[in-house]
Amino acid sequence: MTTTLEAHVQRYEQSLDACPEAIATVRRIVRTILFLWDRADLSDDVTLCLTELLTNVVKHATCPACLISIQDKPTGLRLAVADTEPAPPVVRRPGHLSETGRGMALIEKTAHRWGVEWTLSGKRVWLEFRAVPQAVSA
Ligand SMILES: Nc1ncnc2c1ncn2[C@@H]1O[C@H](COP(=O)(O)OP(=O)(O)OP(=O)(O)O)[C@@H](O)[C@H]1O
Ligand SMILES: [Mg+2]
């Protein structure tokens, strides 16, 4: 794993070979980072979607190498996972008895927006999460 943390910029990058053990570790790191960024309200949604994206790298990309990036913006949080597989994810509509095909549908419901960008080595799947407005105390 290679970690990049830029001082004074709310941005975190992590390159890794996706595998179940690394996914579990990254989930814990991301939870900690969101807590430090005062974005713990987004922690469950972000780690759920991150898990789906990384599991997709394991299942659907020919190579496990990927790059996670998280950026905190005034409008919300951007999460992206880049991998070396040019084929994009698709939102499937699985039947009741199907055991797979639900990850992207879950992401579509959880994230505010999502999309795919092609890179020189493959693609980047990005998600945006809206910041939850803080309760204003009287
Ligand atoms: N990183 C990826 N690279 C290439 N294709 C992908 C990637 N992620 C998803 N896909 C494609 O999008 C489809 C839908 O992905 P989705 O996560 O919804 O379902 P799944 O991974 O097949 O099953 P589940 O997530 O329910 O275990 C996949 O079947 C695959 O064809
Ligand atoms: Mg999946």
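Now for a description of the structure that goes with this document. Keep in mind it's a predicted model, so treat the numbers as computed, not measured.

1. Here's the deal with the overall build of the chain
Piece 1. Helix and strand content of the chain: three helices and six strands.
Piece 2. Each helix and strand of the chain, ordered N terminal to C terminal, gives the series β-β-α-α-β-β-α-β-β.
Piece 3. Counting all 138 residues of the chain, 22% fall into the buried class.
Piece 4. Taking the contacts inside the chain whose residues are at least 6 apart along the sequence as the reference set, 56% of them involve residues at least 24 apart.

2. So, the nonpolar core
Looking at soluble globular proteins, one finds that nonpolar side chains tend to be buried together.
Piece 1. If you look at the biggest cluster of nonpolar residues, it comprises 24 residues, and the most contacted ones within it are Val46, Cys49, Leu50, Leu53, Leu79, Val81 and Leu127.
Piece 2. Elements with a minimum of two residues in this core: α1 (20-36), α2 (43-60), β3 (65-73), β4 (76-83) and β6 (123-130).
Piece 3. At six residues, α2 tops the list of elements feeding residues into this core.
Piece 4. Look past the residues within four positions of Val81 in its chain and what remains in contact with it is Leu53, Leu54, Val57, Cys66, Ile68 and Val125.

3. A closer look at the site of ligand 1
Piece 1. Around ligand 1 lies a shell of 18 residues, among which Asn56, Pro89, Thr100, Gly103 and Met104 are the nearest.
Piece 2. Going through the elements one at a time, α2 and α3 (103-110) are the ones with two or more residues in the shell around ligand 1.
Piece 3. Take the shell around ligand 1: its biggest share by element is five residues, from α2.
Piece 4. The residue makeup of the shell around ligand 1, split by class, is seven nonpolar, five polar and six charged.

4. What about the environment of Ile68?
Piece 1. Structurally, Ile68 is set in strand β3.
Piece 2. Residue classification places Ile68 among the buried positions, given that 23 C-beta atoms sit within 10 Å.
Piece 3. The spacing of Ile68 and Ala82 is 14 residues in sequence and 6.6 Å in space, taken between C-alpha atoms.

5. What about the pairing of β4?
Piece 1. Here β4 lies mainly inside the structure; six of its eight residues are buried.
Piece 2. In terms of strand pairing, β3 meets β4 through eight bridges, oriented antiparallel. Within β4, the position partnered with Gln71 by the bridge is Arg78.
Piece 3. Hairpin remark: β3 followed by β4, antiparallel, with two residues in the connecting loop.

6. Regarding the packing of α2 against α3
Piece 1. With their axes 10 Å apart at the nearest point, α2 and α3 run at an angle of 150 degrees to one another. It follows from the interaxial angle that α2 and α3 lie roughly antiparallel. Handedness of the α2/α3 crossing: left-handed. Mapping the contact onto sequence places Asp45, Leu48, Cys49, Glu52, Thr55 and Asn56 in α2 and Gly103, Leu106, Ile107 and Thr110 in α3.
Piece 2. When grouped by side-chain class, the residues that make up the contact of α2 with α3 number four nonpolar, four polar and two charged.

Procedures and definitions
- Residues numbered from 1 in each chain as written.
- Chains lettered and ligands numbered in written order.
- Predicted model: local features only at pLDDT ≥ 70, side-chain atom pairs only at ≥ 80, totals over all residues.
- Helix = DSSP H or I, 4+ residues; strand = E, 2+ residues; numbered from the N terminus.
- Buried ≥ 20, exposed ≤ 12 C-beta atoms within 10 Å, placed from the backbone.
- Contact = placed C-beta atoms within 7 Å.
- Core = buried A, V, L, I, M, F, W, Y, C linked by C-beta atoms within 7 Å.
- Near = placed C-beta within 6 Å.
- Nonpolar A, V, L, I, M, F, W, Y, C, P; charged D, E, K, R; others polar.
- Pairing = 2+ DSSP bridges.
- Axes fitted to C-alpha atoms, helices over the stretch in contact; angles between N-to-C directions.
- Parallel < 35°, antiparallel > 145°, perpendicular 65-115°, else oblique.
- Left-handed = near helix turned anticlockwise from the far one by under 90°.

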